[in-house]
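Structural characterization, general
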Amino acid sequence: MSSYNTQTLKIYNSLSGEKETFVPINEGSIGMYVCGPTVYSNVHLGNLRTFMSFDVIFRYFIHLGYKVRYVRNITDVGHIVDDVDEGEDKIAKKARLEQLEPMEVVQRYTVDFHEILKAFNFLPPSIEPTATGHIIEQIEIIKKIIDSGIGYEANGSVYFDVVKFNESNHYGKLSGRNIEDMLANTRDLDGQSDKRNPQDFALWKKAEPEHIMRWPSPWSDGFPGWHLECTAMSTKYLGNHFDIHGGGMDLKFPHHECEIAQNEACTGQTPVNYWMHANMLTLNGKKMAKSTGNNILPREILTGENTILSKAFPASVARFFMLQAHYRSILDFSDEAIVAAEKGYKRFMEAIDALKQIKTSASSTLDIAAWRQLCYDAMNDDFNTPILIAHLFEGVRYINLLKENKETISASDLETLTTTINAFVFDVLGLENQKVTNSGNDKLEGTINMLIDMRNKARADKDFAMSDHIRDQLLALGIQLKDSKEGTSFSI
């Protein structure tokens, strides 16, 4: 059942710099495009956080009952090292260094990308197109931009004339820049470049003889500029005008700025209503960098094979940790922070498991309907997952009060509490009820259960001194026993 008509969702639009009420172009349907990975290396933790943010956004739209076409691309050609128009393609460089075919590099790291996202319980996008699969579409867009007078050919390459485009449009409106300042802060061309202006960017690059990845075009054997692929794929699958375009904060300029310019030069209209950008992730208060060793891969969190963390952590614990910060906030990853998140995650799952034991009454002393709306209000406020999690912890408090018979709940309210917590924890946040394990945890659990059996026997024999001694000794070690009609359980 669709509930989007009963909820008012506000999204922070990077284009306006304000939160705006979300109104889809077509009622009940959403077109969303997110810039995917350049598959020349293992997906890093910062990338994972960005894709996780949009996975939650995708999930919430589905939860509200929207029909969503979510397109997330794979960049497998054209992304030049250092994000400039001169130099070597990142994938071609990796292929040269590892003595592989470029498509071997693409395959290896695309598989890794999919495996990591599956491990972290991501929903797959509706469509996952590749840049190399859309060369024809990119060439056709270049032709249109040349016909508009904004694109120009020089020695087999084609460039976008930013200065000419800016005469009737605003190049820099997404990133808050103006062309005059950009030109003033750029060195003059040295005569070796084919560009008319320093800010012009490549639509098509003529391939040097040693360049492996090349395609025929009306201008030369070459390859498309990096910014062009997303224009081609987003418009092919979502149309010239669609709802949401997302990506990391680092893509706002120049990549997304160039996308807007290409679309407007080609179609004469602004392509996207809402631009969304996820912020960066740091590690121990510093930028992640392989060169300094301040780096960890998502897979290493799961295996524990790293020098950063004290142990391995389940994917859902790492996911829970990341969602405790708003997607537009910088998030610092550390061992101390994820250990704390693990404790919160365990409280969540213990409470959800305990829901089955709650007994109902004729009436409720808790306002479950109001609490439920607070959960929606959090997500409706620009997908505010940390506020949502705070409200969900209030739900955990309710469960514990009900277990201790300090509050009462009706059958209908219990159903609302249960469905709401399950919907937001599992369907929207995408968490899974994974067992949190430490090294030797199975043996520890077996030992505790053996002591519980000994305590139960002592109680049956009316040896209450021994029963209390076992309970108190375990508590001193940080292991709390919980007695109920169903038996004795424990928490660490």
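Here the structure is a predicted model, which is why all the values come from computation and not from measurement.

Details of the overall build of the protein chain
- A tally of helices and strands in the protein chain yields 16 helices and 15 strands.
- In terms of overall dimensions, the protein chain has C-alpha extents of about 95 × 50 × 35 Å along its principal axes.
- Counting across all 492 residues of the protein chain, residues that qualify as buried make up 50%.
- Considering only contacts within the protein chain whose residues lie at least 6 apart along the sequence, 73% involve residues at least 24 apart.

Description of the packing of helix α7 (residues 226-238) against helix α8 (residues 252-267)
- Following both chains from N to C, one finds α7 and α8 inclined at 55 degrees, their axes separated by 9 Å at the closest point. Taken as axis vectors, α7 and α8 run oblique relative to one another. The element α7 and its partner α8 pack so that their crossing is right-handed. Only Pro-254, His-255, Cys-258, Glu-259, Gln-262 and Asn-263 of α8 make contact with α7, whose side of the interface consists of Trp-226, His-227, Leu-228, Cys-230, Thr-231 and Thr-235.
- In terms of residue class, the contact of α7 with α8 is made up of 5 nonpolar, 6 polar and 1 charged.

Focus: the sheet that holds strand β10 (residues 272-278)
- Within the open sheet, the 4 strands sit side by side as β4-β3-β9-β10. Their pairing is parallel. Here the strands that pair on one side only, and so sit at the sheet edges, are β4 (67-72) and β10. Mean inter-strand twist for the sheet, computed between neighbouring axes without regard to direction, equals 20 degrees.
- Relative to β10, strand β9 (residues 242-248) runs parallel, the two being bridged by 6 bridges. Paired with Phe-242 across the strands is Val-272, a residue of β10.
- The strands touched by α7 within the sheet are β3 (29-34), β4 and β9, with β3 carrying the most contacts at an inclination of about 165 degrees.

Focus on the domain arrangement of the protein chain
- Annotation of the protein chain at the domain level lists domain 1 (10-278), domain 2 (282-436) and domain 3 (438-491).
- The straight-line distance from the C-alpha centre of domain 1 to that of domain 2 is 33 Å.
- Contacts between the two partners involve 32 residues from domain 1, matched on the other side by 37 residues from domain 2.
- Taken together, both faces of the contact between domain 1 and domain 2 bury some 3,000 Å²; the carbon and sulfur share is 64%.
- When the buried surface of domain 1 facing domain 2 is broken down by residue, Leu-45, Arg-49 and Tyr-60 rank first, second and third, together holding 26% of it.
- Our enumeration of links across domain 1 and domain 2 arrives at 4 salt bridges.
- If you look at where domain 1 meets domain 2, you find 15 residue pairs in polar contact (both at pLDDT 80 or more).

Observations concerning unusual backbone geometry
- Omega for the peptide link from Phe-253 to Pro-254 comes to 5 degrees, which places this bond in the cis form.
- Its identity as a non-glycine residue notwithstanding, Asn-155 has a phi of 55 degrees, on the positive side.
- Assignment of secondary structure puts Asn-155 in the loop between β5 (151-154) and β6 (157-160).
- The backbone of Phe-383 shows a phi angle near 55 degrees, a positive value even though the residue is not glycine.

Re the UniProt feature "short sequence motif: 'HIGH' region" (unreviewed entry) in the protein chain
- According to UniProt, the feature "short sequence motif: 'HIGH' region" (unreviewed entry) maps to residues 37-47 in the numbering used here.
- Here residues 37-47 runs as 27% helix and 0% strand, with 8 Å between its end C-alpha atoms.

Observations regarding the pattern of salt bridges
- Under the definition given, this model contains 19 salt bridges.
- Ionic pairing is found between Lys-236 and Glu-137, a salt bridge with its closest N-O pair at 2.7 Å. One end of the pair, Lys-236, is in helix α7; the other, Glu-137, is in helix α4 (residues 135-147), with 99 residues separating them in the sequence.
- For Lys-406, the salt bridge goes to Glu-404, with nearest N and O atoms at 3.2 Å.

How each quantity is defined
Residues numbered from 1 in each chain as written. Predicted model: local features only at pLDDT ≥ 70, side-chain atom pairs only at ≥ 80, totals over all residues. Heavy atoms only, no water. Helix = DSSP H or I, 4+ residues; strand = E, 2+ residues; numbered from the N terminus. Buried < 20%, exposed > 50% of the residue type's maximum accessible area, 1.4 Å probe, protein only. Contact = heavy atoms within 4.5 Å. Axes fitted to C-alpha atoms, helices over the stretch in contact; angles between N-to-C directions. Parallel < 35°, antiparallel > 145°, perpendicular 65-115°, else oblique. Left-handed = near helix turned anticlockwise from the far one by under 90°. Nonpolar A, V, L, I, M, F, W, Y, C, P; charged D, E, K, R; others polar. Pairing = 2+ DSSP bridges. Domains from an automatic or database assignment. Buried area = accessible area lost by both parts, 1.4 Å probe. Salt bridge = Lys/Arg side-chain N within 4 Å of Asp/Glu carboxyl O. Polar contact = N/O pair within 3.5 Å; in protein donor to acceptor, adjacent residues only side chain to side chain. UniProt positions renumbered as here; feature names shortened; annotations may be inferred.

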